[in-house]
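These are the residues of each chain, in order.
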Amino acid sequence: MTLVPFPGPQSALPAPRPDDPEETPDPSSGAMSFLEHLDELRKRIVHSCIAIAVGVVAGFAFIQNIVDFILAPTRSALPPGVKMIYTQPGEAFSLYVQIALIMGIVVAAPYIMLQVWLFIAPGLYVNEKKLAIPFVLLTTIGFLLGAAFNHYIAFPFMMAFFASFNAPELAFMPKLDDVFGLYTKMLLGMGIVFQMPAVVFFLAKMKILTAWFLISNLKYAVLIIFVAAAVITPSGDMMTQTIFAAPMLGLYVLSIGIAWVVGPKRVKAGPAD
C-alpha cells in the first residue's frame, strides 16, 4: 500500500483577489465576536441616549416657542373663535414633555446617524467606509425635509380638510392630545419616507441597484407605494393615504435620477450570461 502525502499549506490555491483593491475588508477593523458586537451596540445606544438627553434639555429652554410652532398649522385651520381643548388635568403638561422629547431626537439626529454608521462600518469594505459623511448628511437632510413637508404642506392640508366639515350643527373642536398624536405619527412617517433618495444613493454607489431596475419595476413600485401609504397612514381616510403616497411617488422618480447619476447603468452579467 502506497501512502499519498497529504498536501501541505504550500499546495493550497491562493485566494482570488478582487478587481478593485479598495473592495477588500479593512484589516484594521479586525473580526469581532458576538459579545463584542453586543458591547459595541450597547455603547452606540448609550451615546445616542446621552445625545437625546442633551437635546431634551435644550428643547425645554425654548418649549413655548416650539409648542406654538407645532400647533400653528392646526390653529390656522380652526374656524373663527374655535380653540383646541384638553380634558385631562395632565394632558397639557404631557404634551410639553413629549414635544421636548421629540426635539431632543431631532437635535440629536445627526449624531444618532453617526452612531448607526460607526456600528455597521466594521463590516464594510474600505471604499464603502468613505460613504460615512454622505450617509450622515443625506439621512439628516432627508428627515428634516420630511419634517418640513409634513409641517408646511401635508399636515395643514389634512387639518383643513377635516375642518371643512364644520357646520352650525357640527362643531370642530379638536382635542389637544389627538392633534399632537396625529402630528407626531405623520412627522415620523414623512421622515422615513424622505429617506428613499438616501437609500437609493448608497445602494447605487455599492452597485447593488441601477436606474434601469427602478424604471423597469415602476408599475410594481406604484402598487407598493400605495400599499405602504395605506399601512403607515395614521388614519384610514383616502385623503391622508394620498398625502403620503404623492411624495413617495415623487421621491421614487427622484431616486431614478440619483441612481442614474451615481450608479452603474446596468448590473454586470454573471458567467452564466
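Throughout what follows, the structure given in this document is the object of discussion. (Residues numbered from 1 in each chain as written. Predicted model: local features only at pLDDT ≥ 70, side-chain atom pairs only at ≥ 80, totals over all residues. Heavy atoms only, no water.)

With respect to the secondary-structure elements, Pro-247 resides in helix 10 (residues 238–262). When the C-alpha atoms of Pro-247 and Ile-225 are compared, they prove to be 9.9 Å apart, with 22 residues separating the residues in sequence. Discounting chain neighbours no more than four positions away, the residues touching Pro-247 are Phe-149, Met-190, Phe-194 and Thr-242. (Helix = DSSP H or I, 4+ residues; strand = E, 2+ residues; numbered from the N terminus. Contact = heavy atoms within 4.5 Å.)

What follows covers unusual backbone geometry. Although it is not a glycine, Lys-207 sits at a positive phi angle of roughly 60°. Locating Lys-207 in the fold gives a position in the loop between helix 7 (196–205) and helix 8 (211–216).

Once that is clear, we can look at the packing of aromatic side chains. Scanning the model with the defined rule gives 6 aromatic pairs in all. Between Phe-155 and Tyr-183, the ring centres sit 5.1 Å apart and the planes meet at 90°, which makes this aromatic pair edge-to-face. Pair noted here: Phe-155 is in helix 5 (residues 132–163) and Tyr-183 is in helix 6 (residues 176–193), with a separation of 28 residues, a long-range link. When sorted by exposure, Phe-155 lands in the same class as Tyr-183, which is buried. Chaining the aromatic ring pairs together yields one cluster made of Phe-161, Phe-162 and Phe-165. (Phe/Tyr/Trp six-rings, centres within 6.5 Å; stacked < 30°, edge-to-face > 60°. Buried < 20%, exposed > 50% of the residue type's maximum accessible area, 1.4 Å probe, protein only.)

Let's shift gears to the pattern of salt bridges. It is possible for side chains bearing opposite charge to pair when their charged atoms get close. In this structure the tally under the stated criterion is 5 salt bridges. Measuring nitrogen to oxygen at the nearest pair gives 3.0 Å for the salt bridge that ties Asp-39 to Arg-42. Highlighted residues: Asp-39 and Arg-42, both in helix 1 (residues 34–61), separated by 3 residues, approximately one helical turn. You can call Asp-39 partly exposed: its relative accessible area is 40%. Its relative accessible area of 49% is what places Arg-42 among the partly exposed residues. A salt bridge links Arg-44 to Glu-40, with the nearest nitrogen and oxygen atoms 2.6 Å apart. Note that Arg-44 and Glu-40 are positioned in helix 1 at a spacing of 4 residues, about one turn of the helix. For the pair shown, Arg-44 and Glu-40 are each scored as buried. Linked through salt bridges whose partners overlap, the residues forming this network are Glu-40, Lys-43 and Arg-44. (Salt bridge = Lys/Arg side-chain N within 4 Å of Asp/Glu carboxyl O.)

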